[in-house]
Number of protein chains: 2
Amino acid sequence: MNTIFSKLWLDYRPLDPSFTGRVAIRCPSRVDRLGAAVSELITALSAMLPAAELTFGADSAAMIFELDIADFLSEEEYTVSSDERGAAILGGTEKGLLYGVFAYLREIRSAGSFVRMSRRVRPAVGLRMLDHWDNADGSIERGYSGRSFFFEYGRLIVNERTEHYARLLSSCGINAAVINNVNVRGDAVRLISEEYYSELARLSAVFARWGISLYISIDFSAPISVGGMKTADPLDTSVSYWWQDKVRELYRAVPSLGGFLVKADSEGQPGPYAYGRDHADGANMLARALKPYNGKVIWRAFVYNCSQDWRDSRTDRACAGYRTFAPLDGHFDGNVILQVKNGPMDFQVREPVHPLFGAMKHTSLAAEFQLAQEYTGQQLHVCCLIPMIRDILGFRTYNGSSADTVLDVISAAAAVANTGDDTCWTGSELAAANLYGFGRLCFEPQLSAEDILDEWISLTFGSDEQVRETLLYILLGSHKTYEDYTAPLGLGWLCKPGHHYGPDPWGYEFDRWGTYNHADRDAVGIDRSSNGTGYAELYNYPLCRDYSSPETCPDELLLFFCRTRYDHVLHSGKTVIQHIYDSHFDGCEQAEEYARLWDSLEGRIDNRIFENGRRRFAEQLRSAREWRDVINAFFHRLSGIEDEKGRRLY
Amino acid sequence: MNTIFSKLWLDYRPLDPSFTGRVAIRCPSRVDRLGAAVSELITALSAMLPAAELTFGADSAAMIFELDIADFLSEEEYTVSSDERGAAILGGTEKGLLYGVFAYLREIRSAGSFVRMSRRVRPAVGLRMLDHWDNADGSIERGYSGRSFFFEYGRLIVNERTEHYARLLSSCGINAAVINNVNVRGDAVRLISEEYYSELARLSAVFARWGISLYISIDFSAPISVGGMKTADPLDTSVSYWWQDKVRELYRAVPSLGGFLVKADSEGQPGPYAYGRDHADGANMLARALKPYNGKVIWRAFVYNCSQDWRDSRTDRACAGYRTFAPLDGHFDGNVILQVKNGPMDFQVREPVHPLFGAMKHTSLAAEFQLAQEYTGQQLHVCCLIPMIRDILGFRTYNGSSADTVLDVISAAAAVANTGDDTCWTGSELAAANLYGFGRLCFEPQLSAEDILDEWISLTFGSDEQVRETLLYILLGSHKTYEDYTAPLGLGWLCKPGHHYGPDPWGYEFDRWGTYNHADRDAVGIDRSSNGTGYAELYNYPLCRDYSSPETCPDELLLFFCRTRYDHVLHSGKTVIQHIYDSHFDGCEQAEEYARLWDSLEGRIDNRIFENGRRRFAEQLRSAREWRDVINAFFHRLSGIEDEKGRRLY
């Protein structure tokens, strides 16, 4: 494992190197002086005021920082009021206090001085979780940032990097982490057995100090694979007893455990279907075992037939999650959270919002995003997901209540982590913005993408205005750019099968994954109206109406919902085919501009970061040209229609 | 490693269990009584006449077998004359004698009795070689029959299976084997170093007893990877000295070594290009090191640009081998053999014969075939290659000499092995026919495919007439059947990239491998005439003329050589598109019939073989339907033309 790591946005630099006065930290005894909040403040002040005299509780001081716990605040809530002579920070608990310290530090570091601020904040989403797809052997499924820093050769690792990881999460507001892959394989099956308890306890203690709950992905058939039983039937009493014993034992060793994440009956993972049970049976059985310890079951809704016959055009994978889980609304126990991917397919750069968010009224929901850029350029292409996540959280479900956005209906948000043991944690330095932004959005979703990026840029790169403007321009445009050259009008899955990098427009067309574009010489797209697969009808009115017709469907989702001829005219006034050509040429030009703009930062940012970025922007450009030429060639060969602008098609 | 193995066609069964007389083997002292020829005869007679009294040299005997070496025969030549009371077998050397013994045993076992025969045979091709793509770690590249039986965890293995393998090869006339992959990786790089010598010596001794020369694939950059030098430049004297020393050392330890096989400057393998040298420079340098020991360099002509830009339609991979090697004709030393794949691409089910066979007049050539069914169903589909190999050997090159077939111009033939540690050696029992047939064809190419299969069936399955007829029908039709549902009119590479199993008609279209079909809504195929890539011009007259026009090009190669519209009418009278539809439906029906026919053999053949076959025929049928529907859907979506017969297209 690579033990050298960047501090990312927590690299505290001197703010006033010449300040030599006394700085006092004051807190009553109910605040833990060895806790993370106080220690983070000390770490930061020591670095920002390197010549100052730092004391606890001195009466006279040039600057005073008061920290306290306040009953009138909820657990994770904080207030900060500050001026140039110090700050008063209150938290509902140590956790809230820690968030307050981080908020204050963010503010003064962004401003570059000890500014006046006054703020009271509590997180919008209760559970803000990172899902790691790390395998026990140290590999990471869909990992583009090196190897796991949790696992090595089947062993669980806790070291200095783990501590810094916890600080990074906490500083952007994340309060839970699942450390192992939802596809539970190899040694990971035995994470819930004796041999791992002491290391799990150590890890959970590090996490807890930074307000992070440790979760584990479990094998639904653990009674068999770990317990040596003959069944994992959730309605078999010997199975539920086994789980009760197992959970009791686990909590005895790891008292602060958050709970379990479960991928069941999905892509080959075991689940309740094997025993003729439904997902509520499966989830509730585990939930009851966890309940005495306030543990939670996060149950993934990503269930579909991954052995579909491509010849069967009536079956639509997009419907599967809804059809499986909507009938179970109200059947889940209170400590079950159903984790729903942001869209009905699988983290494409453009999908409609998952219809389950508008359907489940009596079920705790988590929205699941994917920071690991599996389908969005694998951290070789820049693709800032903050605007997309923000849009999804703000998406109205029309579920009949007055507060009907996704944000209103969820109690949790999870994101597949984009981290690994790379020196810069996320493969590309720019991809760290997605990690930071996910946490910040879950905490304060009213922040604009620009606000968040502004923060992240100044904390990471300092105050150079050209750096700020350049990165803002690149990051804010990057998602549309990636969409432009890879996924026209809501058409996903044009990527190479398996590894999902680079274009292969019919690579999935005749396969078992339910991800078809149905392109032919005349038309393209899937009719998901009531005349087609019926998927559009899974949305509440007026969405179901809007999505059912090319006249009302947003252009950006047109080919997801409607089958249209190449000469169909979009709301934009362009034909479908001309839009395809134009967006691919435009996206590619943007990629060229990004590479040029990045080059202009040479000497203004750290050289290691610059060189890493240069290599990646060069690869993005090469790949964008590949995408442009392949997708345009594909549709040109099918449609026979020339580009209006006479550009070269192959 | 699986050490249980079938004896395949060498399972000697009783011929006359009631015969109790005396049987004498007579041979003068110049015949080695412990040699393979005598011992094979004893093994066979003991099994065929289990009640007989077997003696050496007795005067009075009911049956007499006389073995001798005869000066008037060439090294591998033999004569057999026999009647119901015995046989006289002569060989030019022990090797010829062994071939004579095997020929005699074949004859009487096929006939089911001690028949009269009289024959004098010498092999048509001098070097008859099997190329194993076994890696040192025990995996086999493009292996569909289990793991390697030569290598396990980097170690070289010599055991009972090795001995039986050598017998199998010898019995069908193969006289050389390359034991490791042409892509030399991992521990295999060090096969030519001290640590492997003692095992190589053991293996070569086993091989030599059965008339088989051991060859090794070497890393062209071994002076660097093994020798620790800074260069592998073939014109650097320190490099050639290094090879001379290495070869001297190697032959001291393994005196019967045949030589080296080299894949240079191909698909990432190192070669002379790195030093600005050509392939003759590279091959001759090695040849000179090997010459004192009568060693040979087999140099592969499979050189092409595997990083082609698909947008570049002027570059044609098919031309690459010719353009690289034709200018070097006459530049190679006498102990270099240029190994040329049967076609210009890579072992597709249908390709034209490689134009180098008609171009090289002063270079020893080997024709390379692939028994491992990489592109022909991976031993899950039955695909008997004997008729194809026979056709290629008989193909006229029109090189201006009176004997101008491929057989006439080659001095060697090589085949990529289809073996592994499977109990039945070749994944499917039926695939063993390819191994047997390759050896037999190289020895006696005048035999018809039916002759050879007849032999193989009776030696393997005995004399059941229904078994014979059924297998003959399946095997003789199987290549056309496979071609029908996978590769219409010479169009290859419609398979899935990477593993090459199953259909993906545009999986290679926008990739770097130079394997494009250029299908669009109007036409398909590559113009390789002088108006196109010019490939057809690499053939001698009249082939270059015939291949250049749809009017004269054979239908089966039409889309390889000519770009044609879907409504173009073939010599068969069908349109291109209708041919595509019909052949796919026909091929699939054949696959159905094969499965039915195989089922009819239940109880008539060994049950393990029957069940193994049943599973494979079921998979072939499933896969054939997949091929039919995908390829037909692909061309239907592009062309928009309906099937004349109104069958279901997707």
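Visitor: Explain the overall build of chain A to me, and be specific about the residues and the numbers.
Guide: Along the backbone of chain A there are 17 helices and 18 strands. Each principal axis of the C-alpha distribution contributes one length, and for chain A these read about 80 × 65 × 50 Å. Going through the 650 residues of chain A one by one, you find that 63% of them count as buried. Summarising the internal contacts of chain A: among those between residues at least 6 apart in sequence, 71% fall at separations of at least 24. Charged side chains of chain A number 67 positive and 88 negative; the gap between the two group centres comes to 2 Å.

Visitor: How would you summarise the interface of chain B and chain A if you had to cite specific residues and measurements?
Guide: Each side of the interface is counted separately: chain B has 26 residues, and chain A has 27 residues. Interface of chain B and chain A: buried area, both sides summed, is about 2300 Å²; carbon and sulfur atoms make up 54% of it. Contact with chain A buries surface across chain B, with R311, R521 and R637 of chain B losing the most and accounting together for 34% of the total. Where chain B touches chain A, the interface holds 8 salt bridges. Across the pair R311 of chain B and D629 of chain A runs a salt bridge whose closest N-O atoms are separated by 2.3 Å. Where chain B meets chain A, there are 18 residue pairs in polar contact (both at pLDDT 80 or more). Grouping the constituent residues of the side of chain B that touches chain A by class yields 10 nonpolar, 4 polar and 12 charged.

Visitor: Break down the relation of the copies chain B and chain A for me, with residues and values.
Guide: Superposing chain B onto chain A takes a rotation of 180° plus a shift of 0.1 Å along the axis, which leaves an RMSD of 0.0 Å. Those values place the two copies in the arrangement expected of a two-fold rotation axis. Of all interface residues in chain B, 100% are interface residues in chain A too; the two copies therefore contact each other through one and the same surface.

Visitor: Describe the domain arrangement of chain A, and please don't skip the residues or the numbers.
Guide: Residues and elements named next belong to chain A. We note that the domain assignment places domain 1 (8-121), domain 2 (127-447) and domain 3 (462-526 + 563-650) within chain A. Just the C-alpha atoms count here: the centres of domain 1 and domain 2 sit 33 Å apart. Listed per partner, the contact involves 18 residues of domain 1 and 21 residues of domain 2. Regarding the contact of domain 1 and domain 2, the summed buried area is about 1700 Å², with carbon and sulfur atoms giving 60% of it.

Visitor: If you had to explain the pattern of salt bridges to someone new, which residues and values would you point to?
Guide: Applying the stated criterion across every chain yields a total of 105 salt bridges over all chains. With a shortest N-O distance of 3.0 Å, E76 of chain A and K95 of chain A are connected by a salt bridge. You can see E76 of chain A sitting in the loop between β3 (63-69) and β4 (78-83) and its partner K95 of chain A sitting in helix α2 (residues 94-111), a full 19 residues away along the chain. Under the relative-accessibility criterion, E76 of chain A is labelled buried at 9%. Between R120 of chain B and E77 of chain B there is a salt bridge; the shortest N-O distance is 2.8 Å. With R120 of chain B in strand β6 (residues 117-121) and E77 of chain B in the loop between β3 (63-69) and β4 (78-83), this residue pair connects regions lying 43 residues apart in the sequence. A single salt-bridge network, built from bridges that share partners, covers D309 and R311 of chain A together with E626, R628 and D629 of chain B.

Visitor: Describe the sheet that holds strand β5 (residues 86-91) of chain A, with residues and values.
Guide: Residue and element names in this part refer to chain A. With mixed pairing, 6 strands are arranged side by side in an open sheet as β2-β1-β3-β5-β4-β6. Looking at which strands have only one partner, the edges of the open sheet turn out to be β2 (53-56) and β6 (117-121). Averaged over all adjacent pairs, the angle separating strand axes in this sheet is 10°, with direction ignored. Where β3 and β5 come together, 6 bridges link them in parallel fashion. Each residue of the ladder has a partner; that of E66, found in β5, is A88.

Visitor: For the environment of H636 of chain A, give the residues involved together with the corresponding values.
Guide: All names here are of chain A. Residue placement: H636 occurs in helix α17 (residues 607-639). Taking the C-alpha atoms as reference points, H636 and R521, 115 residues apart in sequence, are found 9.2 Å from one another. Beyond its immediate sequence surroundings of up to four residues, H636 is in contact with Y581, I641, E642, L649 and Y650.

Visitor: Tell me what's going on with helix α12 (residues 449-461) of chain B, and back it up with residues and numbers.
Guide: Residues and elements named next belong to chain B. The end-to-end C-alpha separation of α12 is 17 Å, in line with the 18 Å expected for 13 residues at 1.5 Å each. Of all 13 residues in α12, 10 are buried, a share of seventy percent or more. Within α12, burial applies to A449, I452, L453, E455, W456, I457, S458, L459, T460 and F461. Each element contacted by the buried residues of α12 is listed here: α2 (94-111), α9 (386-393), α11 (432-443), α13 (465-486) and α17 (607-639). Looking at the residues trailing α12, positive phi occurs at G462, about 85°.

Visitor: Could you give an account of the packing of aromatic side chains, naming the residues involved and the relevant values?
Guide: Residue and element names in this part refer to chain A. Evaluated as defined, the whole model comprises 83 aromatic pairs over all chains. Ring geometry for W310 versus F510: centroids 5.1 Å apart, planes at 85°, classification edge-to-face. Here W310, found in the loop between β13 (296-300) and α8 (317-325), pairs with F510, found in the loop between α13 (465-486) and β17 (523-524); they are 200 residues apart in sequence, far enough to count as distant. Taking relative accessible area as the criterion, W310 reaches 6% and is therefore assigned buried. By relative accessible area, which is 4% here, F510 ends up buried. Each ring, one from Y535 and one from F560, has its centre 5.9 Å from the other, and the planes form 65°; the classification is edge-to-face. In this pair, Y535 is assigned in the loop between β17 and α14 (543-546) and F560 in helix α15 (residues 558-561), connecting sequence segments 25 residues apart.

Visitor: An account of the environment of F634 of chain B is requested, with residue identities and associated values reported.
Guide: Relative to the helices and strands, F634 of chain B resides in helix α17. Assessed through its relative accessible area of 0%, F634 of chain B is described here as buried. The sequence separation of F634 of chain B and D504 of chain B amounts to 130 residues, and the corresponding C-alpha distance is 9.3 Å. If near-sequence neighbours (up to four positions away) are discounted, F634 of chain B is found in contact with W506 and F510 of chain A together with P505, W506, N517 and A519 of chain B.

Visitor: I'd like a description of the side chain of T533 of chain A, backed by residues and values.
Guide: All names here are of chain A. Looking at the element boundaries, T533 is found in the loop between β17 and α14. On the accessibility criterion, T533 (13% relative accessible area) is buried. A distance of 2.7 Å separates a polar atom in the side chain of T533 from a polar atom in the side chain of D316. Look past the residues within four positions of T533 in its chain and what remains in contact with it is S313, R314, D316, C319, I526, D527 and R528.

Scoring rules and cut-offs
Residues numbered from 1 in each chain as written. Chains lettered and ligands numbered in written order. Predicted model: local features only at pLDDT ≥ 70, side-chain atom pairs only at ≥ 80, totals over all residues. Heavy atoms only, no water. Helix = DSSP H or I, 4+ residues; strand = E, 2+ residues; numbered from the N terminus. Buried < 20%, exposed > 50% of the residue type's maximum accessible area, 1.4 Å probe, protein only. Contact = heavy atoms within 4.5 Å. Lys, Arg positive; Asp, Glu negative; His and termini not counted. Charge placed at Lys NZ, Arg CZ, Asp CG, Glu CD. Buried area = accessible area lost by both parts, 1.4 Å probe. Salt bridge = Lys/Arg side-chain N within 4 Å of Asp/Glu carboxyl O. Polar contact = N/O pair within 3.5 Å; in protein donor to acceptor, adjacent residues only side chain to side chain. Nonpolar A, V, L, I, M, F, W, Y, C, P; charged D, E, K, R; others polar. Least-squares fit on C-alpha atoms with pLDDT ≥ 70 in both. Domains from an automatic or database assignment. Pairing = 2+ DSSP bridges. Axes fitted to C-alpha atoms, helices over the stretch in contact; angles between N-to-C directions. Expected span 1.5 Å × (residues − 1). Phe/Tyr/Trp six-rings, centres within 6.5 Å; stacked < 30°, edge-to-face > 60°.

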